[in-house]
Each structure stands twice: as structure tokens, then as C-alpha cells.
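Architecture and fold: a report
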Amino acid sequence: MRSVLNGFLTAVSAYSPLPVPGEKKSRETMPYMLCFLPVIGAVIGFIMGIYALYCIDHGVSPAGFALAGAALPVLLSRGAHLSGFMKTWDALASDKKQPAGRIERLEDDRAGVSSVIAAIVYFLLYAGGLTLLRKEEQLFFLGTGYMISRTLFGMAFVWFPCVGKDRMLMAELPGAQKQNVRITLSVILALCFCTCIAIAPIMGVLMALLCMWIWTYYFYMSKKRFGGITEETAGYFLTLCELAVVLFIAVFAKTGM
């Protein structure tokens, strides 16, 4: 029970702005931390939904809702995933040709010009997508998207090969613990997909396919470019997945489907 609590505190400490006495990632806390990531996504989705309904009830313009709404998930996750997105983008755009060189670039905290441009484009696209989201069904899909992205984020660490500083940590996990994490996160992912499909069958199926396609792209890209995944490349995937979900829902909202 103590390991479960420590895993929860570690997840909250690492991926939320709440000041909790979380421990650093370790062999004992890693499995439980990964399993609690969807909970953090659910909280972010709930807060985004409350904020959106507040804006609708008080007549806030779509642009006003979108500008603050684009920053809200980043603030609620302490910018951890956006940082990984920027570092990975910078590494992919660098002149490093070998995976070892790109991993070294990932560990450099200095932001390159390309990563800053990528972050600006991300916020513009994200805010643009949010301007079209006003219905409750669309907000539900948006909130569920935060859970899906974090579920796949956690699943990557127990399905894909890890490199860098995360390799040794994951290698230390017993096979039984990895299997438990796989089962837990797979069940959560299935529940998220099934709920979306039950609410809007066509939209739900297409969103599930979109998320899984990005996850598959992430696997092949990270394996080819870096030799495996790291926490930074996982942040790249999560950010890309959430952007794709917002734009996908916006397309459905625009077409009236």
C-alpha cells in the first residue's frame, strides 16, 4: 500500500503543479506512477470542462476561451511534456546523425530556435482548434483525450525499448510488474475508447484510430532516430497526440458531424 501511495505522489509531483512530497522515480514507484498518469489526465480534462462551461455560461468569446485554454493543460502538467516536445524537436532538427548524438542533444536544457518555433506553432494550432469546441460532447472527447494520451504515454515505457537514463530504471522492473502495468493501462485505454464510441460511434472509432496511429508513428520514429524512447520523447508523443485530438474534434465540429 505504501508503494501505491508513493507511486501516486510521484506522479502528482512529476506531472502536476501541486506541491506534494513525491519521491523520485525508482523501481518501487515506477509501476504505480505509470498507472496513475490517466488519473492526472482525467483531472486536467475535468478542469478544462469546468473552464469551458464557465466561458459558455458567461459569454466569453471563443478566442478568449481558446487563448487561456491552450495554456491551461501546460500549466496543469507543469510544462513537463511540452519541455520534452521541445527537446525532442530540437534533437530531430539538429545536425546529429547518430542516435547517441540525438540523445545527448535531448539532455541539453538549452532551447534551440527550431524548438521555440515548434512550441509557438503548437500553441497557435491548439488555440485555433479550441475556438471551435463549445458543445458538451466535444468537451467530453477533449477531456477523454487527456486520459488517452497519458495512458499511451505510460504504456510506451512497458512496451517500447527505453534508452538513456530511463533504460536502467525500466530494465530493473520485474516482468510481473511490467505485465501488471500493461494490463492496467490497456484496460483503462479500452474503457476510454469504448466510452467515446458509445457516445459518438463514428467519431469515437476515428479518434481511437488516430491516437493509435500516432502511438505507432512514435514507436518507429523513436526507434529509428534515438534507438528507443526516453521521458523526453514520450513528452513529444503526448503533446503531439493532444494536439491531434484537439484538431480532430475541431474538424468534426466544423463539419457538423
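In case you missed it, the structure is sitting above this.
Residues numbered from 1 in each chain as written. Predicted model: local features only at pLDDT ≥ 70, side-chain atom pairs only at ≥ 80, totals over all residues. Heavy atoms only, no water.

Helix and strand content of the chain: 11 helices and zero strands. In the chain, the order of α-helices and β-strands from amino to carboxyl end is α-α-α-α-α-α-α-α-α-α-α. Counting over 257 residues, the chain shows a buried share of 50%. Contacts spanning at least 24 positions in sequence make up 77% of the contacts within the chain whose residues lie at least 6 apart. In the form shown here, the chain has an accessible surface area of approximately 12,200 Å², with 68% of it arising from carbon and sulfur atoms. (Helix = DSSP H or I, 4+ residues; strand = E, 2+ residues; numbered from the N terminus. Buried < 20%, exposed > 50% of the residue type's maximum accessible area, 1.4 Å probe, protein only. Contact = heavy atoms within 4.5 Å. Areas by Shrake-Rupley, 256 points an atom, 1.4 Å probe, with all protein chains shown as cover.)

Moving on, we get to the packing of aromatic side chains. Scanning the model with the defined rule gives 16 aromatic pairs in all. Aromatic side chains tyrosine 122 and tyrosine 126 sit 5.5 Å apart centroid to centroid with 45° between the ring planes, which places their arrangement in the tilted category. One end of the pair, tyrosine 122, and the other, tyrosine 126, are both in helix H6 (residues 113-130), four residues apart, so they sit about a helical turn from each other. On the basis of relative accessibility, which here comes to 4%, the residue tyrosine 122 falls in the buried class. A ring pair is formed by tryptophan 213 and tyrosine 217, whose centres lie 6.4 Å apart and whose planes are at 15°; its orientation type is stacked. (Phe/Tyr/Trp six-rings, centres within 6.5 Å; stacked < 30°, edge-to-face > 60°.)

Looking now at helix H4 (residues 80-93). The first and last C-alpha atoms of H4 sit 20 Å apart over 14 residues, in line with the 20 Å expected at 1.5 Å per residue. What H4 keeps buried is the set His81, Leu82, Gly84, Phe85, Met86, Lys87, Thr88, Asp90 and Ala91. (Expected span 1.5 Å × (residues − 1).)

The next subject is the state of the cysteines. Where two cysteines share a covalent bond between their sulfur atoms, that bond is called a disulfide. Taken as a whole, this structure holds zero disulfides when the rule is applied. Cysteine cysteine 192 remains unbridged, with the sulfur of cysteine 196 as its closest cysteine sulfur at 6.9 Å. (Disulfide = S-S within 2.5 Å.)

Here the focus is helix H9 (residues 175-199). With 25 residues, H9 should cover 36 Å at 1.5 Å per step; its first-to-last C-alpha distance of 36 Å lies within 8% of that length. Considered for burial, the residues of H9 that qualify are Val181, Leu185, Ile188, Leu189, Cys192, Phe193 and Cys196.

Counting residues in each nonpolar core, the largest one holds 78 residues, and the members touching the most others are Tyr126, Leu130, Leu142 and Tyr218. A total of 13 residues in this core trace back to one element, the largest contributor, which is helix H11 (residues 231-255). Beyond its immediate stretch of four places on either side in the chain, leucine 142 contacts Met48, Tyr126, Leu130, Leu133, Val246 and Ile249. (Core = buried A, V, L, I, M, F, W, Y, C linked by side-chain atoms within 4.5 Å.)

On to the side chain of serine 222, then. Secondary-structure assignment places serine 222 in helix H10 (residues 201-225). You can call serine 222 buried: its relative accessible area is 1%. Of the polar contacts made by the side chain of serine 222, one reaches the backbone oxygen of phenylalanine 219; its length is 3.1 Å. Residues within four places of serine 222 in sequence aside, it is in contact with Gly227, Gly228 and Ile229. (Polar contact = N/O pair within 3.5 Å; in protein donor to acceptor, adjacent residues only side chain to side chain.)

Let us now look at the environment of leucine 132. Within the secondary structure, leucine 132 is located in the loop between H6 and helix H7 (136-159). By relative accessible area, which is 35% here, leucine 132 ends up partly exposed. Sequence-wise, leucine 132 and alanine 253 are 121 residues apart; in three dimensions their C-alpha atoms are separated by 6.3 Å.

Another point: the side chain of threonine 233. Considering the arrangement of structural elements, one finds threonine 233 in helix H11. Take threonine 233: its relative accessible area is 0%, and that puts it in the buried class. Only 3.2 Å separates the side chain of threonine 233 from the side chain of tyrosine 218, close enough to count as a polar contact. Excluding its chain neighbours within four sequence positions, the residues that come into contact with threonine 233 are Thr88, Leu106, Tyr218 and Phe226.

All right, on to a nonpolar patch on the surface then. On the surface, Leu5, Phe8, Val39, Val43, Phe46, Ile47 and Ile50 cluster together into a nonpolar patch covering about 600 Å² of accessible area. The leading source of residues in the nonpolar patch is helix H2 (residues 30-57), at five residues. With respect to the element layout, isoleucine 47 can be found in helix H2. (Patch = residues over 30% accessible without salt bridge, like charges linked within 9 Å, V, L, I, M, F, W, Y side chains within 5 Å. Salt bridge = Lys/Arg side-chain N within 4 Å of Asp/Glu carboxyl O.)

Evaluation of the coordinates by the stated rule reveals one salt bridge. As a salt-bridge pair, arginine 150 and glutamate 242 come within 2.4 Å of each other at their nearest N and O atoms. In this pair, arginine 150 is assigned in helix H7 and glutamate 242 in helix H11, connecting sequence segments 92 residues apart. Using a relative accessible area of 6% as the deciding quantity, one classes glutamate 242 as buried.

With that out of the way, let us pick up the environment of glutamate 137. Here glutamate 137 lies in helix H7. What glutamate 137 contacts, discounting residues up to four positions off in sequence, is Ile199, Ala200 and Met203.

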